[in-house]
There are 2 protein chains.
Amino acid sequence: MDSTDLAYDVFAKQCPSRTTLEHVTGRWGALTLGALHEGTFRFNELRRRVDGVSEKMLSQTLHALERDGLVRRDAQPTNPPRVDYQLTPLGREIAERLLTLIDFVQSRQDDVHKAQESYDEARGGR
Amino acid sequence: MDSTDLAYDVFAKQCPSRTTLEHVTGRWGALTLGALHEGTFRFNELRRRVDGVSEKMLSQTLHALERDGLVRRDAQPTNPPRVDYQLTPLGREIAERLLTLIDFVQSRQDDVHKAQESYDEARGGR
DNA sequence: CAGTATCCGAAAGGATACTG
DNA sequence: CAGTATCCTTTCGGATACTG
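Residues numbered from 1 in each chain as written. Chains lettered and ligands numbered in written order. Predicted model: local features only at pLDDT ≥ 70, side-chain atom pairs only at ≥ 80, totals over all residues. Heavy atoms only, no water.

1. What about the interface of chain A and chain B?
Accessible area lost upon the coming together of the parts serves often as the stated size of an interface. Test applied: By definition in these notes, contact holds between two residues if any of their heavy atoms fall within 4.5 Å. Summed over both partners, the accessible area (1.4 Å probe) lost when two parts come together is defined as the buried area. Counted as salt bridges are all cases of a side-chain nitrogen of Lys or Arg within 4 Å of a carboxyl oxygen of Asp or Glu. A run of H or I in DSSP counts as a helix once it spans at least four residues, and a run of E counts as a strand once it spans at least two, with each numbered from the N terminus. Residue type decides the class: Asp, Glu, Lys and Arg count as charged, Ala, Val, Leu, Ile, Met, Phe, Trp, Tyr, Cys and Pro as nonpolar, and the leftover types, Gly among them, as polar.
Each partner contributes to the interface: chain A provides 53 residues, whereas chain B provides 55 residues. Summing the contributions of chain A and of chain B, the shared interface buries around 5,300 Å²; its carbon and sulfur component is 62%. Connecting chain A to chain B are six salt bridges. At the level of secondary structure, the elements contributing two or more residues to the side of chain A that touches chain B comprise helix H1 (16–25), helix H2 (27–36), helix H4 (55–67), helix H5 (89–107) and helix H6 (109–124) of chain A. Split by residue class, the side of chain A that touches chain B holds 22 nonpolar, 13 polar and 18 charged.

Structure representation (structure tokens):
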């Protein structure tokens, strides 16, 4: 280690928080956190809210987020079963920071689009 | 559209800012933005800083970020060639918000780890 | 309703060799 | 040095069928 090393361990190959971050920022993770930031939902409610997710991926995503302590799963032992998902306090804090990033990227999407056009114009005609 | 729709267009399937967000939060995108947040670097300097990245992935990542207007590429027509990469003002603003999220996740990694252990304990012994 | 299990095609990503 | 091109393995993720 010397002074040129990055200050963030998350940039190391096998960092555990790298895995958590991937759960949070991944396609379905971000979508699910965003949905749950709006309230508490049942499995199939979430499926309808999270546009395009399959049962398999939603299940997988919820398990990962629950295991990380970001989502709480509440199963009533009724028949038919009823399971509610909601953010934990930690999950809410993380979702807020994620949404800050998402909001910002979205608010600057015009600039991004312009940059893409001038980039493509400069090299598209190669 | 009704009131149950998500407030964030980024959650729609084919949203353009979803693509930008993936460039930013993806494994190599986040690493590269984090590295460039520390300064200006040449291609092989970045390769050494971004732990584990291949030439192919670094090249691909830099192209995507440059096209989105987050990274500026400066090539001197010398021999041997010298190319410097740095964040644009927009890239810097995005990197800051990304690092806020990363820092927070990292600072709570202990909580995450504990949650994982109790989760595994509850189901690991099934 | 709330999932799990399996199969399979698509896409990401690494190693290596090569170019200007 | 700064990449590109190719090959090949691994992972992601959708469709479908099935279970408690």
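Having seen the model, we can carry on.
2. Some remarks on the sheet that holds strand S3 (residues 82–87) of chain A
Residue and element names in this part refer to chain A. The following threshold applies: We call two strands paired when DSSP finds no fewer than two bridges between them.
Strand order in the open sheet made by the three strands is S1-S3-S2, with antiparallel pairing throughout. The outermost strands of the open sheet, each flanked by one partner alone, are strand S1 (41–42) and strand S2 (71–76). Pairing between S2 and S3: six bridges, direction antiparallel. Residue pairing in the sheet places Val71 in a bridge with Leu87 of S3.

3. Concerning the pattern of salt bridges
Operational definition: Each residue is assigned to one of three classes by its accessible area relative to the maximum for its type, calculated with a 1.4 Å probe on protein chains only: buried under 20%, partly exposed between the two thresholds, exposed over 50%.
The full count for this structure, using the stated rule, is 16 salt bridges over all chains. Residue Asp111(A) pairs with Arg108(A) through a salt bridge whose shortest N-O separation is 2.6 Å. Judged by its relative accessible area of 32%, Asp111(A) is partly exposed. The exposure class of Arg108(A) is partly exposed, given its relative accessible area of 22%. As a salt-bridge pair, Arg47(B) and Glu55(B) come within 3.3 Å of each other at their nearest N and O atoms. Among the charged side chains, a salt-bridge network with shared partners connects Glu93(A), Arg108(B) and Asp111(B).

4. Focus on the sheet that holds strand S2 (residues 71–76) of chain B
Read across the sheet, three strands follow the order S1-S3-S2 (chain B) without closing on themselves; strand pairing throughout is antiparallel. Looking along the sheet, the strands with just one partner apiece sit at the ends: strand S1 (41–42) and S2 of chain B.

5. A look at the protein's contact with DNA strand C
What counts here: If a single non-hydrogen atom of a residue is within 4 Å of a molecule or strand, that residue counts as near it. Here a polar contact is recorded for every N or O atom pair within 3.5 Å, except that within protein the pair must consist of a potential hydrogen donor and a potential acceptor, and residues adjacent in sequence are included only if both atoms are side-chain atoms.
Surrounding DNA strand C, one finds 20 residues, the nearest of these being Arg42(A), Ser59(A), Arg73(A), Tyr85(A) and Lys56(B). Counted by atom, the contact set of DNA strand C within 4 Å of the protein is 57% sugar and phosphate. The separation between a sugar or linking oxygen of DNA strand C and a polar main-chain atom of Pro81(A) is 3.5 Å. Contact distances for DNA strand C include 3.5 Å between a base nitrogen and a side-chain N or O atom of Glu55(B). Sorting the residues of the surface near DNA strand C by element identifies helix H3 (43–49), H4 and S3 of chain A together with helix H2 (27–36) and helix H4 (55–67) of chain B as the ones contributing at least two each.

6. Let's talk about the packing of aromatic side chains
Note the cut-off: Pairing of aromatic side chains requires ring centres within 6.5 Å, counting the rings of Phe and Tyr and the six-membered ring of Trp. Pairs whose planes differ by under 30 degrees are stacked, by over 60 edge-to-face, and all others tilted. Note on geometry: a ring has a charge over it if NZ (lysine) or CZ (arginine) is within 6 Å of the ring centre and within 35 degrees of the ring normal.
One pass over the structure, following the stated rule, counts zero aromatic pairs over all chains. Sitting above the plane of the Tyr119(A) ring, Arg123(A) keeps its charged end 4.7 Å from the centroid.

7. Thoughts on helix H1 (residues 16–25) of chain B
The cut-off we apply is this: By construction, the arc corresponds to the directions joining the helix axis to the C-beta atoms.
Within H1(B), the full set of buried residues consists of Ser17(B), Arg18(B), Thr20(B), Leu21(B), Val24(B) and Thr25(B). Taken around the axis of H1(B), the buried residues stretch over an arc of 160 degrees, which confines them to a single face.

8. Observations regarding the environment of Leu90(B)
You can see Leu90(B) is positioned in helix H5 (residues 89–107). Placed 28 residues apart in sequence, Leu90(B) and Ser118(B) show a C-alpha to C-alpha distance of 41 Å. Setting aside chain neighbours within four positions, we find Leu90(B) in contact with Phe104(A), Arg108(A), Asp111(A), Val112(A), Gly69(B) and Leu70(B).

9. With respect to the protein's contact with DNA strand D
The environment of DNA strand D is formed by 19 residues, the closest being Lys56(A), Arg42(B), Ser59(B), Arg73(B) and Tyr85(B). Side-chain polar atom of Lys56(A) to a base oxygen of DNA strand D: 2.3 Å apart, as the coordinates give it. Elements with a contribution of two residues or more to the surface near DNA strand D: H4 of chain A together with helix H3 (43–49), H4 and strand S3 (82–87) of chain B. Sorting elements by how many residues they give to the surface near DNA strand D places H4(B) first, with four residues. Taken together, the residues that form the surface near DNA strand D break down as eight nonpolar, four polar and seven charged.

10. Remarks on the UniProt feature "domain: HTH hxlR-type" (unreviewed entry) in chain A
For clarity, the threshold we go by: UniProt positions are given in the numbering used here, feature names are shortened, and annotations may be inferred rather than shown by experiment.
In the numbering adopted here, UniProt assigns the feature "domain: HTH hxlR-type" (unreviewed entry) to residues 15–113 of chain A. Each end of residues 15–113 of chain A is marked by a C-alpha atom, and these two atoms are 33 Å apart; helix forms 65% of the span and strand 14%.

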